[in-house]
Amino acid sequence: MPVDPGPTELLTGTSQFILSAGKADTLPQDAGRVLLPLARTAIASQLGLDRQENEGPQWLLRQGACFITLMRDARLRGRIGTLRAHRALSDDVKANAVAAAFRDPRFPPIAAEEFPAVALEISVLSALEPMRFDDEPDALRQLRRGIDGLVFEYGHHTSTFLPQVWEDFKEPADFIARLKYKAGLPPDFWDPEVRLSRYTVFKWRESNLTA
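Here we summarise the structure given alongside this text. (Residues numbered from 1 in each chain as written. Predicted model: local features only at pLDDT ≥ 70, side-chain atom pairs only at ≥ 80, totals over all residues. Heavy atoms only, no water.)

To summarise the sheet geometry, strands pair through backbone hydrogen bonds and adopt either a parallel or an antiparallel arrangement. Spatial strand order, β6-β9-β7-β8: 4 strands in an open sheet with antiparallel pairing. Two strands bound the open sheet, and with one partner strand each, they are β6 (129–130) and β8 (157–161). With 5 bridges joining them, strand β7 (residues 149–154) and β8 adopt antiparallel strand pairing. Residue Leu-150 lies in a different strand from β8, and its bridge partner there is Phe-161. The sheet strands contacting helix α4 (residues 172–182) are β7, β8 and β9 (195–199), and the helix crosses β8 at an angle near 135°. (Pairing = 2+ DSSP bridges. Helix = DSSP H or I, 4+ residues; strand = E, 2+ residues; numbered from the N terminus. Contact = heavy atoms within 4.5 Å. Axes fitted to C-alpha atoms, helices over the stretch in contact; angles between N-to-C directions.)

Along α4, the residues classified as buried are Pro-172, Phe-175, Ile-176, Ala-177, Leu-179 and Lys-180. Those residues of α4 that are buried lie in contact with α3 (136–142), β7, β8 and β9. Gly-184, located one to two residues past α4, shows a positive phi value of around 90°. (Buried < 20%, exposed > 50% of the residue type's maximum accessible area, 1.4 Å probe, protein only.)

Right, let's talk about helix α1 (residues 32–46) for a bit. The terminal C-alpha atoms of α1 lie 21 Å apart, and with 15 residues this matches the ideal 21 Å at 1.5 Å per residue to within 8%. Residues of α1 that are buried include every one of Gly-32, Leu-35, Leu-36, Leu-38, Ala-39, Arg-40, Thr-41, Ala-42, Ile-43 and Ala-44, and no others. The secondary structure elements touched by the buried residues of α1 are β3 (65–72), α2 (89–102), β5 (119–125) and β10 (201–205). Once α1 finishes, Gly-48 follows within two positions and takes phi at roughly 80°, a positive value. (Expected span 1.5 Å × (residues − 1).)

The geometry of α1 relative to α2 is characterised by a closest axis approach of 8 Å and an angle of 50° between their N-to-C directions. Here α1 lies oblique to α2, going by the angle between them. Judged by the sense of rotation from one axis to the other, the crossing of α1 with α2 is right-handed. Touching Leu-35, Leu-38, Ala-39, Ala-42, Ile-43 and Gln-46 of α1 are Leu-89, Ser-90, Val-93, Lys-94, Ala-97, Val-98, Ala-101 and Phe-102, all from α2. Tallied by class, residues from the contact of α1 with α2 come to 11 nonpolar, 2 polar and 1 charged. (Parallel < 35°, antiparallel > 145°, perpendicular 65-115°, else oblique. Left-handed = near helix turned anticlockwise from the far one by under 90°. Nonpolar A, V, L, I, M, F, W, Y, C, P; charged D, E, K, R; others polar.)

So, about the environment of Ala-119. Inspection of the secondary structure puts Ala-119 in strand β5. The spacing of Ala-119 and Arg-40 is 79 residues in sequence and 9.2 Å in space, taken between C-alpha atoms. Ignoring any residue separated from it by four or fewer positions in sequence, one finds Ala-119 in contact with Arg-40, Thr-69, Leu-70, Met-71 and Glu-206.

Coordinates in, geometry out; function isn't part of it.
Encoded structure:
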């Protein structure tokens, strides 16, 4: 499911994502050093550039969901991701990297000559946590600013924001209003059938990976 979120940073500590069996497992602290080159190599191969993919660690074979963000000159150049883990994390990274580079409908495909100027960011998602709430104010009170990514669902209307997008909004009400608008609904829309799910992310960007 292609969706759209915002900027990322290298985190310290241990990262966690959910396996298909529902058990929690961990990503190493420096997982970005494996994931980001994997994403870049996938794009490079589509461009016909000579980049060799090496065999990665075993944790890449576990199921995981991620978003890949491409930036150029501090501006968004493409972003595609997966909300629910359904394939090996390595496959999800490569597929979303290629999709962000060539199939984001908001942008023309990445060209080989501009690729060196494009910076990659990756966010690995936790499992979605369905929220329970009585009404919209109750849901807003539960949201954790800067921590929760949010999925909005109503009928065939679906949208998401990564936790990083909180940087653009001061209030939870503004955050969710824009999320509804993104889903194709009026910002003041609400219905008892609205479903909300939240998640957290573990994120890295190429500019933070020092030697």
